[in-house]
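The chain contents come next:
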Amino acid sequence: QVQLVESGGGLVQAGGSLRLSCAASGRTFSRYAMGWFRQAPGKEREFVAAITWSGGSTYYADSVKGRFTISRDNAKNTVYLQMNSLKPEDAAVYYCAAVSDYLRVATMSGIDYWGQGTQVTVSS
């Protein structure tokens, strides 16, 4: 069992930065790849970024590539999402997830656990 709690969301101006954190409980955290997803009002949840259990490989949606960075600290049971050059279209509720199928993470297959989400608002 893995419980995930996101934090770090808030209001930021366009062009600004935020760092999201996702703290995991459970001794199996380091066995999971981790992902970040987001859902804007009236839209479907979409993939943002993922990282393998070791942190050795990362994968990004085209819409955030070059602006967002996913990382993890297995000693702290935490995964991060550094978001730079934020745009109004990045506004959404951001969710972290524990992923058992990294190769299909972009399709949201193989998600074993979800967090509750943290709101990101970007003003223009």
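The shown structure was predicted, so the numbers you read here are calculated from the model rather than taken from an experiment.

Caption draft 1: Region of interest: the state of the cysteines. Here the structure, examined in full by the defined rule, presents 1 disulfide. Covalently, C22 is tied to C96 through a disulfide, its sulfur atoms 1.9 Å apart. In this structure, the disulfide formed by C22 and C96 twists by about 45° around the S-S bond and is classed as right-handed. Residue C22 is found in strand β3 (residues 18-25), and its partner C96 is found in strand β9 (residues 92-99); the two are separated by 74 residues along the sequence. The class of C22 is buried, set by a relative accessible area of 0%. Classification of C96 by relative accessible area gives buried; the value is 0%.

Caption draft 2: Expanded view of the packing of aromatic side chains. Tallying each qualifying case throughout the model produces 5 aromatic pairs. Seen from their ring centres, F37 and W114 are 5.0 Å apart, and the 65° between their planes marks the pair as edge-to-face. Pair noted here: F37 is in strand β4 (residues 33-39) and W114 is in strand β10 (residues 111-114), with a separation of 77 residues, a long-range link. Look at W114 and you get partly exposed, because its relative accessible area is 32%. Each residue in the set F37, F47, Y59, Y95 and W114 is aromatic and connected to the rest through ring pairs, giving one cluster. Above the face of the Y95 ring, R45 is positioned so that its terminal group lies 3.7 Å from the ring centre. In this structure, R45 is placed above the aromatic ring of W114, and the distance from its NZ or CZ to the ring centre is 4.6 Å.

Caption draft 3: Up close: the nonpolar core. If you look at the biggest cluster of nonpolar residues, it comprises 39 residues, and the most contacted ones within it are M34, W36, L81, M83 and Y94. Mapped by element, the contributors of at least two residues to this core are β3, β4, β5 (46-51), β7 (68-73), β8 (78-83), β9 and β11 (118-123). No other element matches the 6 residues that β9 contributes to this core. The residues contacting M34, other than those within four sequence positions of it, are L4, C22, F29, A49, A50, I51, I70, R72, V79, A97, A98 and V99.

Caption draft 4: Layout of the pattern of salt bridges. Under the definition given, this model contains 5 salt bridges. Of the charged contacts in the structure, one is a salt bridge between E46 and R38, with a shortest N-O distance of 2.6 Å. A salt bridge links K65 to D62; the nearest nitrogen and oxygen atoms lie 3.1 Å apart. Take D62: its relative accessible area is 67%, and that puts it in the exposed class.

Caption draft 5: Just unusual backbone geometry, in detail. Unusually for a residue other than glycine, N77 sits at a positive phi of about 55°. Relative to the elements of secondary structure, N77 occurs in the loop between β7 and β8. Note on N77: relative accessible area 21%, which makes it partly exposed. With a phi angle near 50°, S85 is a residue other than glycine that sits in the positive phi range.

What counts and how
- Residues numbered from 1 in each chain as written.
- Predicted model: local features only at pLDDT ≥ 70, side-chain atom pairs only at ≥ 80, totals over all residues.
- Heavy atoms only, no water.
- Disulfide = S-S within 2.5 Å.
- Helix = DSSP H or I, 4+ residues; strand = E, 2+ residues; numbered from the N terminus.
- Buried < 20%, exposed > 50% of the residue type's maximum accessible area, 1.4 Å probe, protein only.
- Phe/Tyr/Trp six-rings, centres within 6.5 Å; stacked < 30°, edge-to-face > 60°.
- Lys NZ or Arg CZ within 6 Å of the ring centre and 35° of its normal.
- Core = buried A, V, L, I, M, F, W, Y, C linked by side-chain atoms within 4.5 Å.
- Contact = heavy atoms within 4.5 Å.
- Salt bridge = Lys/Arg side-chain N within 4 Å of Asp/Glu carboxyl O.

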